[in-house]
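Report on the structure
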Amino acid sequence: MSDKFESFACNSGFSSPGGPAAKNTPTDPKNPEHVALWRKAERKRLRAERQDLSVAQRTEIGSALSGHLKQILNDRFDGAKGMVFSAYWPIKGEPDLRPLMAELHEAGVTVALPLVETKAVPLTFRLWTPETRMVRGDWNIPVPPPDAPVVTPDITLAPLIGWTTDGFRLGYGGGYFDRTLAALDPKPFAIGIGFETAHIATIHPQPHDIPLDLILTETGLRSVER
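A few points on the structure. (Residues numbered from 1 in each chain as written. Predicted model: local features only at pLDDT ≥ 70, side-chain atom pairs only at ≥ 80, totals over all residues. Heavy atoms only, no water.)

**Description of the overall build of the protein chain**
Helix and strand counts for the protein chain come out as 4 helices and 11 strands. Across the 226 residues that make up the protein chain, the buried fraction comes to 51%. Excluding contacts between residues fewer than 6 apart, the proportion of contacts in the protein chain whose partners are at least 24 apart in sequence is 71%. Of the roughly 10,800 Å² of accessible surface on the protein chain, 52% is carried by carbon and sulfur atoms. (Helix = DSSP H or I, 4+ residues; strand = E, 2+ residues; numbered from the N terminus. Buried < 20%, exposed > 50% of the residue type's maximum accessible area, 1.4 Å probe, protein only. Contact = heavy atoms within 4.5 Å. Areas by Shrake-Rupley, 256 points an atom, 1.4 Å probe, with all protein chains shown as cover.)

In structure tokens form, the structure reads like this:
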């Protein structure tokens, strides 16, 4: 990892081998309250799995995912030249794609990061460069400062705690990403980024859940738009 990222080093890496492995199911999968409790337990389980990783594994997962993502951008979007690409600042064991963010910036892609600037409303996206002096935002996540320009993404990444083969995402439970996808017009092309073994059979989708266009793991493309 280059020096420019050391001040906000994160953890990321491979989970242990396996397949869809939800330990429990909701008492009533049609009851939103039961589904919410089940999702909370699944988040805890999957986050614990990805935190138990070595530095070498964390480095390998970030490299593998960066390679797959770069290929997708090249194949589908001509490298995203002239587009706004929203990434994420890695926290809580998420894959670290910051070197790719810097590479895309150098290639002329406009790179942005999402921010929670107002509770319970869609995310704001602000311009990021490798020289951006980050500040602490919601949940203490490093974000661009308030004077960084606001942009609208053409492509956006979504870090995954869990994912399904039909393109649904298990996130942190705040609803911000789904709320943002529902509000943006045109809707950005949404790519989920996660671990292969964070695959679960279903999230028991609710009316507010919006499937992603693609899901990538360390093994490559795992779900495509329907």
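**A look at the pattern of salt bridges**
Where charged atoms from two side chains of opposite charge come close, those side chains can pair. Under the counting rule described, the total for this entry stands at 9 salt bridges. The salt bridge partner of Arg45 is Glu49, with a shortest N-O separation of 3.2 Å. Remark: Glu49 and Arg45 occur in helix α1 (residues 32–51); sequence separation between them is 4 residues, near one turn of the helix. With its nearest N and O atoms 2.8 Å apart, the salt bridge here joins Asp138 to Lys119. Taken together, the positions of Asp138 in the loop between β4 (135–136) and β5 (142–143) and Lys119 in the loop between β2 (110–115) and β3 (124–128) put the pair 19 residues apart, joining distant regions of the chain. Its relative accessible area of 54% is what places Lys119 among the exposed residues. Taken together, the salt bridges that share partners define one network made up of Glu42, Arg45 and Glu49. (Salt bridge = Lys/Arg side-chain N within 4 Å of Asp/Glu carboxyl O.)

**Focus on the sheet that holds β3**
Strand order in the open sheet made by the 7 strands is β3-β2-β1-β6-β9-β10-β11, with mixed pairing throughout. What marks the edges here is a single partner per strand, and that holds for β3 and β11 (220–224). Each adjacent strand pair in this sheet contributes to an overall mean axis angle of 30°, direction not counted. Bridge analysis of strand β6 (residues 155–159) against strand β9 (residues 189–193) gives 5 bridges, and the strand direction is parallel. Paired with Pro159 across the two strands is Ile193, which belongs to β9. Sheet strands in contact with helix α3 (residues 98–106) are β1 (84–86), β2 and β3, and its direction is about 135° off that of β2. (Pairing = 2+ DSSP bridges. Axes fitted to C-alpha atoms, helices over the stretch in contact; angles between N-to-C directions.)

**Remarks on the packing of aromatic side chains**
For the structure on display, the rule yields 2 aromatic pairs. On the basis of an interplanar angle of 70° and a centroid distance of 5.1 Å, the ring pair of Phe77 and Phe189 is categorised as edge-to-face. Residue Phe77 is located in helix α2 (residues 55–77), and its partner Phe189 is located in strand β9; the two are separated by 112 residues in the primary sequence. The two residues Phe77 and Phe189 agree in class, both being buried. Both rings, one in Trp139 and one in Tyr176, keep their centres 6.0 Å apart while their planes meet at 80°; by these two values the pair is edge-to-face. Taken together, the residues span a long stretch of sequence, with Trp139 in the loop between β4 and β5 and Tyr176 in helix α4 (residues 176–183) at a distance of 37 residues. Residue Tyr176 is classed as buried on the basis of its relative accessible area of 12%. It is Arg179 that lies over the ring of Tyr176; its NZ or CZ is 5.2 Å from the centre. (Phe/Tyr/Trp six-rings, centres within 6.5 Å; stacked < 30°, edge-to-face > 60°. Lys NZ or Arg CZ within 6 Å of the ring centre and 35° of its normal.)

**Focus: the nonpolar core**
Membership of the largest hydrophobic core comes to 43 residues, with the highest contact counts inside it found for Leu69, Phe85, Leu157 and Ile191. The set of elements that each furnish at least two residues to this core consists of α2, α3, β2, β6, α4, β9 and β10 (214–217). It is α2 that provides the largest number of residues to this core, a total of 6 residues. Those residues in contact with Phe85 that sit more than four places away from it in its chain are Leu69, Leu73, Leu104, Val109, Thr110, Val111, Ala112, Ile155 and Leu157. (Core = buried A, V, L, I, M, F, W, Y, C linked by side-chain atoms within 4.5 Å.)

**Thoughts on the packing of α2 against α3**
Contact pair α2 / α3: the axes reach a minimum separation of 10 Å and the direction vectors enclose 30°. Of the possible angle classes, the one that applies to α2 and α3 is roughly parallel. Between α2 and α3 lies a crossing of right-handed hand. Each of Ser66, Leu69, Lys70 and Leu73 in α2 lies in contact with α3, whose residues at this interface are Leu100, Glu103 and Leu104. (Parallel < 35°, antiparallel > 145°, perpendicular 65-115°, else oblique. Left-handed = near helix turned anticlockwise from the far one by under 90°.)

**Here we look at α1**
Between the first and last C-alpha of α1 there are 28 Å, a value that for 20 residues agrees with the 28 Å anticipated at 1.5 Å per step. When α1 is considered as a whole, its buried residues turn out to be Val35, Trp38, Arg39, Glu42, Arg43, Arg45, Leu46 and Arg50. Along its buried surface, α1 packs onto α2, β7 (162–163) and β8 (169–170). For α1, the N-terminal capping position is held by Asn31, with its side-chain oxygen 2.9 Å away from the main-chain nitrogen of Glu33. (Expected span 1.5 Å × (residues − 1). Polar contact = N/O pair within 3.5 Å; in protein donor to acceptor, adjacent residues only side chain to side chain.)

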